[in-house]
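Residue-level structure breakdown
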Amino acid sequence: MNESRWKWIAVLALGMVAGLAIAQVLSTRTASAQARGWQECFAATLWHAPGRAVSEGQLPNKVRVPRGFEPVGGTSIVERGAGYPGVVFCR
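Residues numbered from 1 in each chain as written. Predicted model: local features only at pLDDT ≥ 70, side-chain atom pairs only at ≥ 80, totals over all residues. Heavy atoms only, no water.

A word on the overall build of the protein chain
For the record, the criterion: Counting from the N terminus, the helices are DSSP H or I runs at least four residues long and the strands are E runs at least two residues long. Think of it in three bands: with a 1.4 Å probe and only protein chains considered, a residue is buried below 20% of the maximum accessible area for its type, exposed above 50%, and partly exposed in between. Here, two residues are considered to be in contact whenever any of their heavy atoms come within 4.5 Å of each other. Note that accessible areas follow from Shrake-Rupley with a 1.4 Å probe, and for residues the cover is restricted to the protein chains shown.
When helices and strands are tallied, the protein chain shows two helices and three strands. Taken from the N to the C terminus, the helices and strands of the protein chain come in the order α-β-α-β-β. Taking all 91 residues of the protein chain together, 9% fall into the buried category. Within the protein chain, contacts between residues at least 6 apart in sequence are counted, and of these 52% link residues at least 24 apart. Entry remark: accessible area of the protein chain is about 8100 Å², with carbon and sulfur atoms responsible for 59%.

What follows is the structure in structure tokens.
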């Protein structure tokens, strides 16, 4: 009788784990792309600006963004073996 009880508990526990796993898989939402239809995009490298220097008022050079473009994301750009922060602009 005791052995039978443990078998039922094990079956129920496995069923609960399987049910929760299936529920998690079915409830996961996928990310959707932005609704805008971008026609042109580019990524611009930025100058590295240590937080301490910015706090002291030492601002880095600025990037002039062409009219009509807007920032839509960030990236890192590897150029000549070094990594730089970058911003993706689209219109």
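More follows now that the structure is in view.
With respect to the sheet that holds strand S2 (residues 70–79)
Inclusion rule: Two strands make a pair as long as DSSP finds a minimum of two bridges between them. Here the axes come from fitting lines to C-alpha atoms, over the contacting stretch only for helices, and the angles between their N-to-C directions go from 0 to 180 degrees.
If you trace the three strands from one edge of the open sheet to the other, you get S1-S3-S2, paired in antiparallel fashion. Only two strands of the sheet have a single neighbouring strand rather than two, namely strand S1 (41–45) and S2. Neighbour to neighbour, the strand axes of the sheet diverge by 30° on average, direction disregarded.

Details of the pairing of S2
Across nine bridges, the pairing between S2 and strand S3 (residues 82–90) is antiparallel. Note that in S3 the partner of Gly74 across the bridge is Val87. In this structure, the hairpin formed by S2 and S3 is closed by a connection of two residues, where Arg80 is found at a positive phi of approximately 55°.

Some points on the state of the cysteines
The condition is simple: Only a pair of cysteine sulfur atoms within 2.5 Å counts as a disulfide in this structure description.
This model, assessed by the stated rule, comprises one disulfide. The side chain of Cys41 participates in a disulfide bridge whose partner is Cys90; the two sulfur atoms lie 1.9 Å from each other. Across the S-S bond linking Cys41 and Cys90, the dihedral sits near 115°, which makes this disulfide right-handed. Taken together, the residues span a long stretch of sequence, with Cys41 in strand S1 and Cys90 in strand S3 at a distance of 49 residues. Owing to a relative accessible area of 47%, Cys41 belongs among the partly exposed residues under this scheme.

In short, the description is geometric, and any link to function would need to be established separately.
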